[in-house]
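Chains, contacts and geometry: an overview
Residue strings, one per chain:
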Amino acid sequence: MRAQPLIPALLVLLLAGCAEPPGVGNLSPEAQQAAYPVLLPFDTLQAMLPQTAPADPAAELAARAAALRARAAALRRLDTSG
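Residues numbered from 1 in each chain as written. Predicted model: local features only at pLDDT ≥ 70, side-chain atom pairs only at ≥ 80, totals over all residues. Heavy atoms only, no water.

Notes on the overall build of the protein
Along the backbone of the protein there are four helices and zero strands. Moving toward the C terminus, one meets the helices and strands of the protein in the order α-α-α-α. Over its C-alpha atoms the protein spans a radius of gyration of 28 Å, topping by over 25% the 12 Å that the globule rule assigns to 82 residues. Judged by the C-alpha coordinates and their principal axes, the protein covers about 60 × 50 × 35 Å. Counting every position in the protein, which comprises 82 residues, the buried fraction comes to 0%. In the protein, the 6 positive side-chain charges and the 6 negative ones have mean positions that sit 22 Å from each other. (Helix = DSSP H or I, 4+ residues; strand = E, 2+ residues; numbered from the N terminus. Rg over C-alpha atoms; globule rule 2.2 N^0.38 Å. Buried < 20%, exposed > 50% of the residue type's maximum accessible area, 1.4 Å probe, protein only. Lys, Arg positive; Asp, Glu negative; His and termini not counted. Charge placed at Lys NZ, Arg CZ, Asp CG, Glu CD.)

Structure, rendered in structure tokens:
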């Protein structure tokens, strides 16, 4: 395997890694003075979520199948003759 074609590609990658990404360092004074957000444990965040009853997967799947059948029937009724 020849390494000559890889040299320009590696050079481009190295030069791209030295560039400053756009938007970095362009923070407004308000953003610079803002406090860091409070970090919460996962259990606390999970407890804050609304409690929902688990959906019945069989009923959901049957509803999706019925919708797909109706869509297929509508597509069959389309006039494709032009």
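Having put the structure on the table, let's press on.
Focus on the environment of leucine 14
With respect to the secondary-structure elements, leucine 14 resides in helix 1 (residues 6-18). Through-space distance from the C-alpha of leucine 14 to that of glutamine 46 is 42 Å; in sequence the pair is 32 residues apart.

By themselves these figures say nothing about function.
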